[in-house]
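# A structural walkthrough
Take a look at the letters that make up each chain.
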Amino acid sequence: MIEIKNVNKTFQSGDRVVTAAQNVNLTIEDGEVFGIIGYSGAGKSTLVRCINMLERPTSGQVLVDGIDLTELRPAELRTARKKIGMIFQQFNLFDSRTVAANVAYPLKHTGMSKQEKDQRVKELLELVEIADKANAYPSQLSGGQKQRVAIARALASNPKILLCDEATSALDPQTTDSILKLLKSLNKKLQLTIILITHEMQVVKEICDRVAVMENGKVVESGDVFSIFASPKKAITKDFINNTSNLSKIYELIKEGAEITKIKAGQCIVKFNYLVKSYSEALVSGISRQFHIDVNIIFGNIELIDQQPLGGLVSILSGKAEDIEAALDYLKAKNVGVEVILDERISQ
Amino acid sequence: MNVFLNNYFPNVMTKVPEFYESIGQTFQMVIWSGVISLILGTVIGIVLVITRKGGLVENQIVFQILDKIVNLFRSIPFIILLTGVMPLTRIIMGTAIGVEGAIVPLVFGTVPFFSRQIESALSQVPAGLVEAAESMGNTKLQIITNVYLKESIPQISRAVSITAISLIGLTAMAGVVGAGGLGDFAVRYGHDRNQTDVTLATIIVLVILVSIIQLVGNFVAKKSSH
Ligand SMILES: Nc1ncnc2c1ncn2[C@@H]1O[C@H](COP(=O)(O)OP(=O)(O)OP(=O)(O)O)[C@@H](O)[C@H]1O
Ligand SMILES: [Mg+2]
């Protein structure tokens, strides 16, 4: 378990004081994939680097399995660090060493024999599915392959925790996906606790169990991923979520006056958000039948997060004004988020 | 062969033993002061990199002092250094003349240059690599040897060859303290007595020497960059 208690970190740059982390409190359970999301400069890296003391908190405590890392002596800290792996956006592989030598690097001075090391390196490379590149140099690898090597190297000393500082930010979407899948499988296979920094909600959605949203050095919102997606409280969280779903495109389309948004009198454009866990009722056909209105779905975006549908639909409703109104009330009562975006209904 | 040499290098052929001796003196000076400068320069280069702001063992006082000293010695022309450090040379070597007398000023002339070369070579190691090593629980010494030095072998080997070549240039002036060497040989005969073939012969030897150093340096750099 990782407990971050009242952590503050300030940087002195010239006569300016930058507060990169402010009164941060987080608890991360064993075996969890924990996301930290925020815009550039929010303090995500600083906070994560405080976990392995690459950055020393100005005040506060960082407890890993009950041991306060801020109190350790240098030699003790080095031992503790071996149990906390870290991977980076820029991979940080040693260019002068082969893939195998990079992965063997943390095994130096461990008293392992050459055979044991070779065996361990082989296992690790197989674990990250890159055994065929053992004798290649990093410059001969693609970004995704480099990150796999970096992961193998970070896991060499059998850490319980893996810190990922924007580990997929330099990768294309497909490669990002494959690395996230790998991380998730390592999380399961090795009961590895993963802390993952990102500025993409997509990544959080993909593999995180819980997420903390950071803004100006503070954690402004945190919780399990489904709840955060279903009912974001802070504007910044809503922003992040909107950016991942194409539902927000409707606003642009209307602004641009796109053909699809030109509705006739008696119609309205409505955005439905699925807010409730395990929503399984036949929503669209239901209101259509019950209230005698037409529901024309323009586009939708419903995904499974935590095996629960989450997302929404943008639809054009047409029918009598009071029928539409009644249908919307009915949906609201069912805890569906309803937002009328464009209204051309004829009021009686 | 001999006919050819007698034809084109008449003056050199009359003093072959002295010519060989000069080459030997140049070699002695280059190797001795080279090895000492290599060690001192590497140490100073490392200290400059790790003590500077944001470095592994940041220490502004050490950095500033060392930085200023290096600059100071880099700005003194070698010909002045050669006689200027004579008292110190006498203390260290017991004499201020001959090949022994030349080594101390050559070291003083070379170390600042080489330190800067090493400093710049090590500075090119990305900070991220140092961080990665720290995150893996490396000691500072391990980071210096396994990351800083190991990762910049190509740049270091280029720095060594550039420094060795400039050192050969400096030894040409060592005649001032009676250390002999090829430069002195060329000045005494080639220039003072107008024996152009002597000058030509020393130039040929120096060009070969410099080329070999350059080739070896490039070879090591190439072999170690991936
Ligand atoms: N070593 C440092 N010295 C001075 N200021 C720093 C230092 N490191 C970080 N900061 C400042 O602290 C703040 C938080 O930086 P941090 O790198 O943690 O942000 P981040 O959320 O990781 O951003 P990004 O997404 O760009 O990586 C920024 O304002 C940054 O300028
Ligand atoms: Mg960052």
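These notes cover the structure that comes with them. All values derive from a computational prediction rather than experimental measurement.

## Some points on the sheet that holds strand β1 (residues 2–13) of chain A
Residues and elements named next belong to chain A. An order of β2-β1-β4-β5 is seen for the four strands of this open sheet, with the pairing classed as antiparallel. Two strands bound the open sheet, and with one partner strand each, they are β2 (16–28) and β5 (67–68). Pairing of strand β4 (residues 59–64) with β5, which is carried by two bridges, proceeds in the antiparallel orientation. Pairing of Leu63 across the sheet is with Asp68, part of β5. Where helix α1 (residues 44–51) meets the sheet, its contacts fall on β1, β2 and β4, and the angle it forms with β1 comes to roughly 120°.

## Considerations on empty space enclosed by the protein
All names here are of chain A. In this structure the tally under the stated criterion is two cavities of 30 Å³ or more. When its volume is computed, the largest cavity comes out at roughly 80 Å³. Across the lining of the largest cavity, the residue classes break down as seven nonpolar, three polar and three charged. Taken together, Cys164, Glu166, Ala167, Thr168, Leu180, Leu196, Ile197, Thr198 and Val203 form the lining of the second largest cavity. Ranked by the residues each element gives to the lining of the second largest cavity, the list is headed by strand β8 (residues 193–198), at three residues. Of the residues belonging to the lining of the second largest cavity, the class tally is six nonpolar, two polar and one charged.

## Observations regarding the layout of surface pockets
The computed volume of the largest pocket comes to approximately 850 Å³. Every residue lining the largest pocket is counted, 30 residues in all, and those nearest its centre are Leu54 of chain A together with Gly54, Gly55, Leu56 and Glu134 of chain B. Of all the elements in the fold, those that place two or more residues in the lining of the largest pocket are α2 (74–81) of chain A together with α7 (98–123), α8 (127–135) and α9 (140–151) of chain B. Among the residues making up the lining of the largest pocket, the classes are represented as 13 nonpolar, five polar and 12 charged. The computed volume of the second largest pocket comes to approximately 440 Å³. Around the second largest pocket sit 21 residues that line it, and Phe229, Pro232, Ile241, Asn242 and Asn273 of chain A are the ones nearest its centre. The element best represented in the lining of the second largest pocket is helix α9 (residues 235–244) of chain A, accounting for four residues. Taken together, the residues that form the lining of the second largest pocket break down as nine nonpolar, seven polar and five charged. Domain assignment of the residues forming the lining of the second largest pocket places at least three in each of domain 1 (2–242) and domain 2 (249–343) of chain A.

## Let's talk about the interface of chain A and chain B
Across the contact, 22 residues belong to chain A and 17 residues belong to chain B. Each partner contributes to the roughly 1,900 Å² buried at the junction of chain A and chain B, and carbon and sulfur atoms together form 53% of this total. Across the contact surface, chain A and chain B share one salt bridge. In this structure, Arg49 of chain A engages Glu131 of chain B in a salt bridge whose closest nitrogen and oxygen atoms are separated by 2.7 Å. Put simply, chain A and chain B have 10 residue pairs in polar contact (both at pLDDT 80 or more) between them.

Reading the values: the criteria
- Residues numbered from 1 in each chain as written.
- Chains lettered and ligands numbered in written order.
- Predicted model: local features only at pLDDT ≥ 70, side-chain atom pairs only at ≥ 80, totals over all residues.
- Heavy atoms only, no water.
- Pairing = 2+ DSSP bridges.
- Helix = DSSP H or I, 4+ residues; strand = E, 2+ residues; numbered from the N terminus.
- Contact = heavy atoms within 4.5 Å.
- Axes fitted to C-alpha atoms, helices over the stretch in contact; angles between N-to-C directions.
- 1 Å grid on protein atoms, 1.4 Å probe; cavity = no way out; pocket = protein on both sides within 12 Å on 5 of 7 lines; lining within 4 Å.
- Points joined across faces, edges and corners; volume = space filled by probe spheres on them.
- Nonpolar A, V, L, I, M, F, W, Y, C, P; charged D, E, K, R; others polar.
- Domains from an automatic or database assignment.
- Buried area = accessible area lost by both parts, 1.4 Å probe.
- Salt bridge = Lys/Arg side-chain N within 4 Å of Asp/Glu carboxyl O.
- Polar contact = N/O pair within 3.5 Å; in protein donor to acceptor, adjacent residues only side chain to side chain.

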